[in-house]
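If you want the building blocks of each chain, they are given just below.
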Amino acid sequence: MGGSTFSLSLILMLTASMFATNMANKDWHFGFNYTNWSFKGGPPQSQNDTPGPRKIVVGGSKNWQLNFNYTDWALKNGPFYLNDTLVFKYDPPTNDSIIPHSVYLLPNPGSFSTCDLRRATMVANVTQGGGEGFEFVLKKWQPYYFACGERDGYHCNAGQMKFFVMPLFHQWH
């Protein structure tokens, strides 16, 4: 009973935070005295809106690596939209000099919070992040829970190599 209450609370909290992030990123304009209207008529368009799907490198210039807070990165770089592509870039292992990484899709918030990989699906192995990286398209309106599965979830637990996104629908203009 306690675990399901925790999972439900976590889902509610994550959904509320994604909604709040989405609302905070809007360019709201109210009133009759707004002076940034275009000459062709109509209200201004938000400068953050993009016309179509984007390619987003997970972690930005840090790529997919140990000891980087990807949950914080996702909150700061959201919102994410349907058909956006997440690009996971990481170096493949060579002679034990590179710490290997992978990408797993976790099935639910409980598995995400505990880094439980037992029912997770590997979507990219240790070699697929090289070069241009591994691309994952957000095709469905559902939460996606990502984690590094290396070292039996150690990278996820101790190294913060996990994050989730809930893609939103693009706005019609």
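From a predicted model like this one, the values you see are computed outputs, not experimental measurements. (Residues numbered from 1 in each chain as written. Predicted model: local features only at pLDDT ≥ 70, side-chain atom pairs only at ≥ 80, totals over all residues. Heavy atoms only, no water.)

1. With respect to the side chain of Ser102
As for its placement among the helices and strands, Ser102 is situated in the loop between β2 (85–88) and β3 (103–106). Here Gly149 takes part through its backbone nitrogen, which lies 3.3 Å from a polar atom of the side chain of Ser102. A polar atom in the side chain of Ser102 sits 2.7 Å from the side chain of Glu150. (Helix = DSSP H or I, 4+ residues; strand = E, 2+ residues; numbered from the N terminus. Polar contact = N/O pair within 3.5 Å; in protein donor to acceptor, adjacent residues only side chain to side chain.)

2. Quick word on the sheet that holds β3
Read from one edge to the other, the open sheet built from four strands follows the order β4-β3-β6-β7, with strand pairing classed as antiparallel. A strand with exactly one partner marks an edge of an open sheet, and here the two such strands are β4 (121–124) and β7 (162–165). Strand-to-strand twist across the sheet, computed as the mean angle between neighbouring axes with direction ignored, equals 30°. In the sheet, strand β6 (residues 144–147) pairs with β7 via four bridges, with the strands oriented antiparallel. For Tyr145, the partnering residue across the bridge sits in β7 and is Phe164. (Pairing = 2+ DSSP bridges. Axes fitted to C-alpha atoms, helices over the stretch in contact; angles between N-to-C directions.)

3. A closer look at the sheet that holds strand β1 (residues 55–57)
Within the open sheet, the three strands sit side by side as β1-β2-β5. Their pairing is mixed. Of all strands in the sheet, those bounded by a partner on one side alone are β1 and β5 (134–137). Strand-to-strand twist in this sheet, taken as the mean axis angle between neighbours without regard to direction, amounts to 30°. Pairing geometry for β2 and β5, over four bridges, is antiparallel. Within β5, the position partnered with Leu86 by the bridge is Phe136.

4. Examining the nonpolar core
A general tendency of soluble globular proteins is for nonpolar side chains to be buried together. Among the nonpolar cores identified, the biggest contains 23 residues, and Trp64, Leu86, Phe88, Phe146 and Phe163 are the most heavily contacted of them. Elements with a contribution of two residues or more to this core: α2 (70–77), β2, β4, β5, β6 and β7. The element best represented in this core is α2, accounting for three residues. Core analysis: the second largest hydrophobic core is formed by 10 residues, Cys115, Leu117, Ala120 and Phe164 among them. (Core = buried A, V, L, I, M, F, W, Y, C linked by side-chain atoms within 4.5 Å. Buried < 20%, exposed > 50% of the residue type's maximum accessible area, 1.4 Å probe, protein only.)

5. Concerning the pattern of salt bridges
This structure, assessed with the given rule, holds four salt bridges. Residue Glu135 pairs with Lys55 through a salt bridge whose shortest N-O separation is 2.7 Å. Here Glu135, found in strand β5, pairs with Lys55, found in strand β1; they are 80 residues apart in sequence, far enough to count as distant. When its relative accessible area of 39% is taken as the criterion, Glu135 is described as partly exposed. Asp72 is the partner of Lys76 in a salt bridge, and the nearest nitrogen-oxygen pair spans 3.1 Å. Pair noted here: Lys76 and Asp72 are both in helix α2, with a separation of four residues, about one helical turn. (Salt bridge = Lys/Arg side-chain N within 4 Å of Asp/Glu carboxyl O.)

6. Topic: the state of the cysteines
One pass over the structure, following the stated rule, counts one disulfide. Note that Cys115 is cross-linked by a disulfide to Cys156, the S-S spacing being 2.0 Å. In this structure the cystine formed by Cys115 and Cys156 twists about its S-S bond by roughly -70°; its chirality is therefore left-handed. Residue Cys115 is found in the loop between α3 (109–114) and β4, and its partner Cys156 is found in helix α4 (residues 154–157); the two are separated by 41 residues along the sequence. A relative accessible area of 1% means that Cys156 is categorised as buried. (Disulfide = S-S within 2.5 Å.)

7. Let's talk about unusual backbone geometry
Residue Pro79 is reached from Gly78 by a cis peptide bond, and omega for that bond is 0°. Examined against the element boundaries, Pro79 turns out to sit in the loop between α2 and β2. Here the phi dihedral of Asn63 falls at roughly 60°; this positive angle occurs in a residue that is not glycine. Here Asn63 lies in the loop between β1 and α2. For Asn63, a relative accessible area of 26% puts it in the partly exposed group. Of note, Asp152 is a non-glycine position whose phi angle comes to about 55°, a positive value. Summarising the element assignment, Asp152 is placed in the loop between β6 and α4.

Function cannot be inferred from these measures alone, as they are strictly geometric.
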